[in-house]
Amino acid sequence: MTDARPDATDQPDKAGRPDRTDGALAAELLALALEAARRAGELLRDGRPDDLAVAATKSSPIDVVTEMDIAAEKLITGHLAEHRPDDGFLGEEGASSAGSSGIRWVIDPLDGTVNYLYGLPTWAVSIAAERDGETLVGVVEIPMRRETFRAVLGGGAFLNDRPVHGRPAPPLERALVSTGFNYVTTVRAHQAAVAQRLIPRLRDIRRGGSAATDLCDVAAGRLDGYYERGLHPWDLAAGDLIAREAGALTGGRPGARPGFDLTVAAAPGVFEPLQALLDEYGAWHD
């Protein structure tokens, strides 16, 4: 694992160039992500029109995009490109470019769009910076809570500049776990069947509506665990790093990384039995 602590000493890469994944590069990426997330959060919070309407749909008629999703992504990519024009982008609302620097920004400008559309407070701006498939920096801005979560690989997780750590693991039957449901009807029906089998094994299940927020709530000790099927890189990149840096374990099916088939995040001691049950119940397929 590359040491991304801000005080680490730069080491040369294979080509003999300074490896700036630690130190100066980490600080630069974090500062840019924090500022972009702050600006996008203010735009979304303060600029939400009273007559906000659906601008488009994605996987189904209930998987929506609003004009504000698009505006927030343009703000974020514009800010980042101004300062780092050679970086790549992967954004939920269409931003996609390879770049030439080796850094790729993974952006969800509005995670929890349906909540936002209805005026519910659980939505977030999620920005991560990756290098060679590894997330170096993650920022999740939750404007309606006035909360900013951040993490740098190897440097711990923070909420509004206060270090955060997950909860000590309870027995699984006393674990509070969050999940989410897909927008495709057949997938939702299967997810409901999995949840029905899982509920008797837990304290309870919550449904927040924002994957990035749920992952940060695991990091902050507000949830003992979280799982969901169907997440894209922009849904989980920042939150996954924040959860891991707060001491949580994350993964997919046993032996796999978190991803579209399954994402699980939980305190050690909850993660293992929760992941095993989800695999047994077939949470990763229809």
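What this report covers is the structure whose coordinates are included nearby. Every chain begins its residue count from 1, and numbering advances along the sequence as written. Selection of residues for local features in this predicted model requires a pLDDT of at least 70, selection of side-chain atom pairs for listing and counting requires 80 or more, and totals for whole chains, interfaces and linings are taken over all residues. Only hydrogens and water are set aside; all other atoms, that is, all heavy atoms of the structure, feed into the side-chain values.

1. Here we look at the sheet that holds strand β13 (residues 176-179)
Step number 1: Taken together, five strands build an open sheet; the order of strands is β14-β13-β15-β17-β16 and the sheet is mixed. Strand pairing shows two members of the sheet lacking a second neighbour, β14 (204-207) and β16 (249-251), which therefore form its edges. In this sheet, neighbouring strand axes are inclined to one another by 15° on average, regardless of whether the strands run parallel or antiparallel.
Step number 2: Here the rule is simple: two strands pair whenever DSSP picks up at least two bridges between them. Helix numbers and strand numbers start at the N terminus; a helix is a DSSP run of H or I with at least 4 residues, a strand a run of E with at least 2. Of the pairings in the sheet, the one linking strand β15 (residues 225-228) to strand β17 (residues 263-266) comprises four bridges and is antiparallel in character. Each bridged residue has a counterpart across the sheet, and for Tyr-227 the counterpart in β17 is Val-264. Axis lines are fitted through C-alpha atoms, for helices just across the contact stretch, and the angle between N-to-C directions can take any value from 0 to 180 degrees.

2. Things to note about helix α5 (residues 211-219)
Step number 1: When accessible area is computed with a 1.4 Å probe and restricted to protein chains, residues below 20% of their type maximum are described as buried, those above 50% as exposed, and intermediate ones as partly exposed. Across the nine residues of α5, nine count as buried, placing the element largely inside the fold.
Step number 2: Restricting attention to buried positions, one finds in α5 the residues Ala-211, Ala-212, Thr-213, Asp-214, Leu-215, Cys-216, Asp-217, Val-218 and Ala-219.

3. Quick look at the pattern of salt bridges
Step number 1: One side-chain nitrogen of Lys or Arg within 4 Å of one carboxyl oxygen of Asp or Glu is enough to make a salt bridge. Enumeration according to the criterion identifies 16 salt bridges in this entry.
Step number 2: A salt bridge links Arg-104 to Glu-130, with the nearest nitrogen and oxygen atoms 3.1 Å apart. You can see Arg-104 sitting in strand β7 (residues 103-111) and its partner Glu-130 sitting in strand β8 (residues 124-131), a full 26 residues away along the chain.
Step number 3: When its relative accessible area of 32% is taken as the criterion, Arg-104 is described as partly exposed.
Step number 4: Judged by its relative accessible area of 11%, Glu-130 falls in the buried class.
Step number 5: One salt bridge connects Asp-161 with Arg-150, and the closest N-O pair in it is separated by 3.1 Å. In this pair, Asp-161 is assigned in the loop between β11 (157-159) and β12 (162-163) and Arg-150 in strand β10 (residues 147-152), connecting sequence segments 11 residues apart.
Step number 6: Salt bridges sharing common partners tie together Glu-35, Arg-38, Arg-39 and Glu-42.

4. Thoughts on the packing of α5 against helix α6 (residues 233-245)
Angle between the axes and distance between the axes are the two parameters that describe a pair of packed helices.
Step number 1: Relative to each other, α5 and α6 sit at 5°, their axes nearing to 8 Å. Relative to α6, the element α5 lies roughly parallel. Within the contact between the two elements, α5 uses Ala-211, Ala-212, Leu-215, Cys-216 and Ala-219 and α6 uses Asp-235, Leu-236, Gly-239, Asp-240, Ile-242 and Ala-243. With respect to orientation, any angle under 35 degrees is reported as roughly parallel, any angle over 145 as roughly antiparallel, any angle of 65 to 115 as roughly perpendicular, and every other angle as oblique. The contact criterion used throughout is that any non-hydrogen atoms of two residues lie within 4.5 Å.

5. A look at the nonpolar core
Step number 1: As used in this record, nonpolar core signifies buried Ala, Val, Leu, Ile, Met, Phe, Trp, Tyr and Cys residues forming a set joined through side-chain atoms within 4.5 Å. Of all hydrophobic cores here, the largest spans 52 residues; its most connected members are Trp-105 and Val-140.
Step number 2: Top element by residues in this core is helix α1 (residues 24-46). It accounts for 10 residues.
Step number 3: Excluding residues that lie within four positions of it along the chain, Trp-105 makes contacts with Leu-29, Leu-32, Ala-33, Leu-80, Arg-84, Asp-87, Gly-88, Phe-89, Leu-90, Ile-127, Ala-128 and Ala-129.
Step number 4: Among the nonpolar cores identified, the runner-up in size contains 19 residues, and Leu-172, Ala-175, Tyr-227 and Val-270 belong to it.

6. Brief notes about unusual backbone geometry
Step number 1: In this structure, Arg-146 is a non-glycine residue whose phi angle is positive, near 55°.
Step number 2: Note that Arg-146 resides in the loop between β9 (134-142) and β10.
Step number 3: Located in the positive-phi region is Asn-160, a residue other than glycine, with phi close to 50°.
Step number 4: Locating Asn-160 in the fold gives a position in the loop between β11 and β12.
Step number 5: The exposure class of Asn-160 is partly exposed, given its relative accessible area of 39%.

7. Quick notes on the sheet that holds β7
Step number 1: Spatial ordering of the open sheet is given by β6-β5-β7-β8-β9-β10-β11-β12, a layout of eight strands whose pairing is mixed. This sheet does not close on itself; its edge strands, each paired only once, are β6 (96-97) and β12.
Step number 2: Strand direction decides the pairing type here: strand β5 (residues 88-91) and β6, joined by two bridges, are antiparallel. Within β6, the residue paired with Phe-89 across the bridge is Ser-97.
Step number 3: Against the sheet, α1 touches β7, β8, β9 and β10, its axis set at about 30° to β9.
Step number 4: This element, helix α2 (residues 67-83), spans β5, β7 and β8 of the sheet and lies at about 155° to β7.

8. Describing the environment of Arg-174
Step number 1: With respect to the helices and strands, Arg-174 occurs in the loop between β12 and β13.
Step number 2: Using a relative accessible area of 45% as the deciding quantity, one classes Arg-174 as partly exposed.
Step number 3: Between the alpha carbons of Arg-174 and Asp-224 there is a distance of 9.0 Å; along the sequence they are 50 residues apart.
Step number 4: If near-sequence neighbours (up to four positions away) are discounted, Arg-174 is found in contact with Arg-203 and Asp-224.

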